[in-house]
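# Residue-level structural notes
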Amino acid sequence: FSALTANAVGDQLTLVVRNALGVERTVVLSAVEFALSPVQNAQYLLTPSGRSIGYVMVKDMIDQGTTARADLAQAFESFKTNNVQELVLDLRYNGGGLVSMAGRVASYAAGSRGSGQLFARLLYNDQRANANNQDFYFGNPAAWAGFSKVYVLAGPRTCSASEQVINGLRGVGVNVIAIGDTTCGKP
């Protein structure tokens, strides 16, 4: 696997591949930076009965070198401004990532319900505990009440930090309704 991991943009790897008929060809792979869009498709909808529902897809729990924080802030500010009553959080394609980002997503959804409460605690064995143990707390970045009900779209590619969002929200009294398939756990 390490042979397929580039050290820098522009690194090249030459592979000789053979198809099922035994025909070989040479393929050159070049390393490039790929811009990710972890927060996508934020919008709010009115139901025929007049209920306002927000939808946002969070594809990756990352924030380094991306616009995730700004996009989350913009989405939830729009939900707050438009009096959105319930949230659909699409985590179907979220393989996980940073616990800190999962805490930020959960904090936006929970609002004041979670503010100041423990979101997650990372505990290491005795050899690494002093340097690595870490607590993550809910905040209230949108300065609002948040949602009492959140629908989470989940599936086999919903993993790790995405599952922390579900469990963290449930831990502060948010009614989380998971819709879809079984999540994958911690790979």
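The structure contained in this document is the topic of the report that follows. (Residues numbered from 1 in each chain as written. Predicted model: local features only at pLDDT ≥ 70, side-chain atom pairs only at ≥ 80, totals over all residues. Heavy atoms only, no water.)

### Some points on the packing of aromatic side chains
According to the stated counting rule, one finds seven aromatic pairs in the structure shown. Ring geometry for phenylalanine 76 versus tryptophan 144: centroids 6.4 Å apart, planes at 70°, classification edge-to-face. Of the two residues, phenylalanine 76 is situated in helix α1 (residues 68-81) and tryptophan 144 in the loop between β7 (134-137) and β8 (149-154); the sequence distance between them amounts to 68 residues. With respect to burial, phenylalanine 76 and tryptophan 144 carry one shared label: buried. An aromatic cluster is present here, built from Phe76, Phe79, Tyr108, Trp144 and Phe147 joined pairwise through their rings. (Phe/Tyr/Trp six-rings, centres within 6.5 Å; stacked < 30°, edge-to-face > 60°. Helix = DSSP H or I, 4+ residues; strand = E, 2+ residues; numbered from the N terminus. Buried < 20%, exposed > 50% of the residue type's maximum accessible area, 1.4 Å probe, protein only.)

### Structural notes on unusual backbone geometry
In this model, asparagine 41 sits at a positive phi of 60°, which is unusual for a non-glycine residue. A positive phi angle, close to 50°, is found at asparagine 83, a residue other than glycine. Structurally, the position occupied by asparagine 83 is in the loop between α1 and β5 (86-90).

### Overview of the sheet that holds strand β4 (residues 52-58)
As summarised here, the arrangement of the five strands in space is β3-β4-β5-β8-β9, forming an open sheet in which the pairing is mixed. Whereas interior strands pair on both sides, the edge strands pair on one side only; in this sheet they are β3 (39-46) and β9 (175-180). In this sheet, neighbouring strand axes are inclined to one another by 20° on average, regardless of whether the strands run parallel or antiparallel. In the packing of helix α4 (residues 161-171) onto the sheet, contacts are made with β5, β8 and β9, and the angle to β9 comes to roughly 150°. (Pairing = 2+ DSSP bridges. Axes fitted to C-alpha atoms, helices over the stretch in contact; angles between N-to-C directions. Contact = heavy atoms within 4.5 Å.)

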